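If you want the building blocks of each chain, they are given just below.
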Amino acid sequence: MNFLEFEYQRPDKDEVLTRLQELLHQFEQAEDYAAFFNTFQQFIELEKHFQTQMQLANIRHSIDTRDEFYTQECDYFDVISPIVDNAIHAIDQVILNSPYRQQLENDVPKTWFMIHEFNQKVMSEAIIEDLQEENKLASRYQNVIASAQIDFNDEVHTLASIEKYMSDPDRNMRKQAHKAYWGWFADHEQEIGDIFDQLVQVRTKIANKMGYETFTPFGYLRMLRLDYDRYDVEQYRQNVLEDVVPVAMELYQAQAKRHGYEGPTLPAWDEKITFESGNPQPKYDEPELVRRALQMYRELSEQTGIFFEGMVDQNLMDLNAKPGKAAGGYCEILPDYGVPFIFANFNGTNADIETLTHEAGHGFQAWLSRNAFPYDLVWPTNESAEIDSMGMEFLTWPWMELFFEEDTAKYYYTHLEGAVKFLGYGVLVDHFQHEVYDHPTWNHDQRMACWRELEQQYLPQKDYQDIDVLERGGWWMRQLHIFMMPFYYIDYTLAQVVALQIWSRMQRHDETVFDDYVAMAKCGGTKTFKELVTISKNIVPFEKGCLKQTMQDVKAWFEAHDVEE
């Protein structure tokens, strides 16, 4: 069935709540395990259908935020989802405390119980109104970003579409594009800062009501950090400072030299340009890129070929940037149909291919584990899910010539360089959020100053000449995760470290690396982060000094692959 034919019907709040109440009664009155498990299956099916309808509304809204119907439907879900979640929370509590739990543990993976025990700690009827307010504020930020209209180069651009000019080979063009892009944020700084302040306050209020002094420990529970804590993350951030930032600075030094600068610092408009002649760009438009991606996935393995054919045939991707489209890229699962959907904003840069392979990695993993029971274990927790996506970026390296042709060597260089440079940025985003939620009374200027101070530790190459909003610490205002998914960012860096290990094994011609990747991906959410990394036969990245060997391999590769202009 084609995505356009997938039927959307607004779930009636009262009907859903009535059915959930009936299921609650059935759980409580179950006379034996067979009756209890039958009710459990009905409960899971109801959740699946509700989630499918909500995801359909969200996907169609993000494709065109100007569509009034799906805007209203998303507003409806913002209001009712916390109420429905609270009713589900009550049923989860009964399941977890049931005398049949031990028998259920024989039929349901342990992570389901871990996840729902965590959820019990972050849900209460007392915070429903606050959660509704949080949803509204997050949606307001998304709509502000999607509404951006920037006059540049005789065209009206979105924030996504102007990025092509921010990587233009002509320095003056990209300089002016950067000024236009960040000028929009400067013009909307007060509005964005106010939205974030309200988000910090409401999230702190939520945590306080649930018995936590700050939002930080509550945020860790909500992010389902099943087998690590903030102290593990602090050690990991220190590893990045010690072992990654120095290598990244060597890369920035080489980049600055290619641009004609003496030091490792770079103007903002040159930072994304690895080569003076410009970054590699895909040689084709979206339809041809998809056709070539299909060839790539057919050649990678039989399974990836079948998966991607389905994505194409069922119209399960919306890839090009266009007016009214929400920012970013993502992959979601539609549980009733057992298929993923990929959303992106292609803009003619090398990021298009990275986004496609990244989101296809998520999609392939979800497709492999689409029959997981319960359905919510299709996905692993976030940091584990990102291994699937970032790992796929490297697993597809042998086919990059299909997209970049004579610029393939430059693509390899920029992609690996970007992975290394990203680690510092990723831990910066995480560290910033820890500071913000540990200091909820800070005002906008204090948050800006905090970002800039941390930026100078993790990203000391930054030079923001002529862009005042960045010099004052405004880069974080463009990072959607900070607004919509608090503490969802360290996940990307943890996964990147594991993905770099996959890359390293490929360089050594390890013939088992893809099979190990598939073995991990098939598990979906039935294993914890550390367990999944172990299944993939890679190293868990929390131990002190764990990055040293990986970064030595990376450094050796760059020394052997210096791409000339």
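Residues numbered from 1 in each chain as written. Predicted model: local features only at pLDDT ≥ 70, side-chain atom pairs only at ≥ 80, totals over all residues. Heavy atoms only, no water.

How should I be thinking about the overall build of the chain in this particular structure?
The number of helices and strands found in the chain is 25 helices and seven strands. Here the chain has a C-alpha radius of gyration of 23 Å; the compact-globule value for 565 residues is 24 Å, and the two agree. Its C-alpha atoms give the chain principal-axis dimensions of roughly 75 × 55 × 50 Å. Expressed as a percentage of its 565 residues, the buried residues of the chain come to 60%. On the chain, roughly 22,600 Å² of surface is accessible, and the fraction owed to carbon and sulfur atoms is 47%. On the chain, the mean spot of the 49 positive side-chain charges and the mean spot of the 95 negative ones are 3 Å from each other. (Helix = DSSP H or I, 4+ residues; strand = E, 2+ residues; numbered from the N terminus. Rg over C-alpha atoms; globule rule 2.2 N^0.38 Å. Buried < 20%, exposed > 50% of the residue type's maximum accessible area, 1.4 Å probe, protein only. Areas by Shrake-Rupley, 256 points an atom, 1.4 Å probe, with all protein chains shown as cover. Lys, Arg positive; Asp, Glu negative; His and termini not counted. Charge placed at Lys NZ, Arg CZ, Asp CG, Glu CD.)

What's the story with the packing of aromatic side chains in this structure? I'm lost.
By convention here, two paired aromatic rings are described through the distance between centres and the angle between planes. Summed over all chains, the structure comprises 64 aromatic pairs. The interplanar angle of 90° and the centroid separation of 5.1 Å between the aromatic rings of Trp184 and Phe185 together place this pair among those described as edge-to-face. Of the two residues examined, Trp184 and Phe185, each falls in the buried class. Centroid distance Phe307 to Phe308: 6.3 Å. Interplanar angle 65°. Geometry classified as edge-to-face. Here the two residues Phe307 and Phe308 agree in accessibility, since each one is buried. (Phe/Tyr/Trp six-rings, centres within 6.5 Å; stacked < 30°, edge-to-face > 60°.)

Honestly, the pairing of strand S5 (residues 330-334) in this entry has me stumped. Any pointers?
Each regular strand shows side chains that alternate between the opposite faces of the sheet. Of all five residues in S5, four are buried; the element is thus mostly enclosed. Relative to strand S6 (residues 339-346), S5 is paired through five bridges, and the arrangement is antiparallel. Paired with Cys331 across the two strands is Ile342, which belongs to S6. The antiparallel hairpin formed by S5 and S6 contains four residues in its connecting segment, where Gly338 sits at a positive phi of about 65°. (Pairing = 2+ DSSP bridges.)

Sorry if this is basic, but what is going on with unusual backbone geometry here?
Only a minority of non-glycine residues have a phi that is not negative, and only a minority of peptide bonds are not trans. A cis amide bond links Phe373 to the next residue, Pro374, at an omega of -5°. On the secondary structure map, Pro374 appears in the loop between helix H15 (351-368) and helix H16 (382-395). Backbone geometry places Asn315, a non-glycine residue, at a positive phi of 60°. Secondary-structure assignment places Asn315 in the loop between helix H14 (302-313) and strand S4 (317-320). When its relative accessible area of 29% is taken as the criterion, Asn315 is described as partly exposed.

It is not clear to me how the sheet that holds S6 should be interpreted in this structure. Could you clarify?
Hydrogen bonds along the backbone pair up the strands of a sheet, which may run parallel or antiparallel. Here three strands make up an open sheet; going across it, the order is S4-S6-S5 and the pairing mixed. The open sheet has two edge strands, S4 and S5, and neither has a second partner. Direction aside, the axes of adjacent strands within the sheet are offset by 15° on average. Along the sheet, helix H2 (residues 33-63) contacts S4, S5 and S6; its crossing angle with S5, the most-contacted strand, is approximately 145°. Strand contacts of helix H13 (residues 286-300): S4 and S6, with the helix running at about 130° to S4, the strand carrying the most contacts. (Axes fitted to C-alpha atoms, helices over the stretch in contact; angles between N-to-C directions. Contact = heavy atoms within 4.5 Å.)

Which parts of the structure should I look at to understand H15?
Helical geometry note: an α-helix holds 3.6 residues per turn, so side chains three or four residues apart project in the same direction. A rise of 1.5 Å per residue sets the reference length of H15, with its 18 residues, at 26 Å; its end C-alpha atoms lie 25 Å apart and thus fit the reference within 8%. Counted residue by residue, H15 has 16 buried out of 18 residues, so it is predominantly covered. (Expected span 1.5 Å × (residues − 1).)

I would appreciate a short explanation of the pattern of salt bridges in the present structure.
Where side chains of opposite charge bring their charged atoms close, a pairing between them can arise. Summed over all chains, the structure comprises 41 salt bridges. Measuring nitrogen to oxygen at the nearest pair gives 3.8 Å for the salt bridge that ties Glu383 to Arg225. Taken together, the residues Glu383 in helix H16 and Arg225 in the loop between helix H10 (215-222) and helix H11 (230-259) connect sequence positions 158 residues apart. Assigned by exposure class, Glu383 and Arg225 land together as buried. What you see here is one network of salt bridges that share partners, running through Arg505, Asp510, Asp516 and Lys537. (Salt bridge = Lys/Arg side-chain N within 4 Å of Asp/Glu carboxyl O.)

Help me understand the side chain of Asn538 in this model?
Structurally, Asn538 can be placed in the loop between helix H24 (529-535) and helix H25 (548-560). A distance of 3.4 Å separates the side chain of Asn538 from the side chain of Arg505, its partner in a polar contact. Discounting chain neighbours no more than four positions away, the residues touching Asn538 are Val498, Gln501, Ile502, Arg505 and Val533. (Polar contact = N/O pair within 3.5 Å; in protein donor to acceptor, adjacent residues only side chain to side chain.)

Got a minute to help me understand the layout of surface pockets in this structure?
If you roll a probe as big as a water molecule over the atoms, it shows you where there is empty space left. There is about 230 Å³ of room inside the second largest pocket. If you trace the second largest pocket, you find 17 residues lining it, with Asn320, Phe346, Asn347, Gly348 and Asp352 closest to the centre. Looking at the lining of the second largest pocket, the elements that each hand over two or more residues are strand S2 (155-157), helix H7 (163-166) and H13. The element best represented in the lining of the second largest pocket is H13, accounting for three residues. Of the residues contributing to the lining of the second largest pocket, the split by class is seven nonpolar, five polar and five charged. (1 Å grid on protein atoms, 1.4 Å probe; cavity = no way out; pocket = protein on both sides within 12 Å on 5 of 7 lines; lining within 4 Å. Points joined across faces, edges and corners; volume = space filled by probe spheres on them. Nonpolar A, V, L, I, M, F, W, Y, C, P; charged D, E, K, R; others polar.)

Would you mind showing me how to read the packing of helix H18 (residues 408-438) against helix H22 (residues 490-507) here?
The description of two packed helices rests on the angle between their axes and on the distance between the axes. Between H18 and H22, the shortest axis-to-axis distance is 8 Å and the interhelical angle comes to 155°. When the axes of H18 and H22 are compared, the pair comes out roughly antiparallel. In this structure, H18 meets H22 at a crossing whose hand is left-handed. Touching Leu416, Ala419, Phe422, Leu423, Gly426, Val427 and Asp430 of H18 are Ile490, Tyr492, Thr493, Gln496, Val497, Leu500 and Trp503, all from H22. In terms of residue class, the contact of H18 with H22 is made up of 10 nonpolar, three polar and one charged. (Parallel < 35°, antiparallel > 145°, perpendicular 65-115°, else oblique. Left-handed = near helix turned anticlockwise from the far one by under 90°.)

Help me understand the environment of Met551 in this model?
Position of Met551 among the secondary structure elements: in helix H25. The buried category is assigned to Met551, whose relative accessible area is 4%. Taking the C-alpha atoms as reference, Met551 lies 9.8 Å from Ala248; in sequence the two are 303 residues apart. Excluding residues that lie within four positions of it along the chain, Met551 makes contacts with Asp243, Val244, Val247 and Val420.

None of this, on its own, says anything about what the molecule does.
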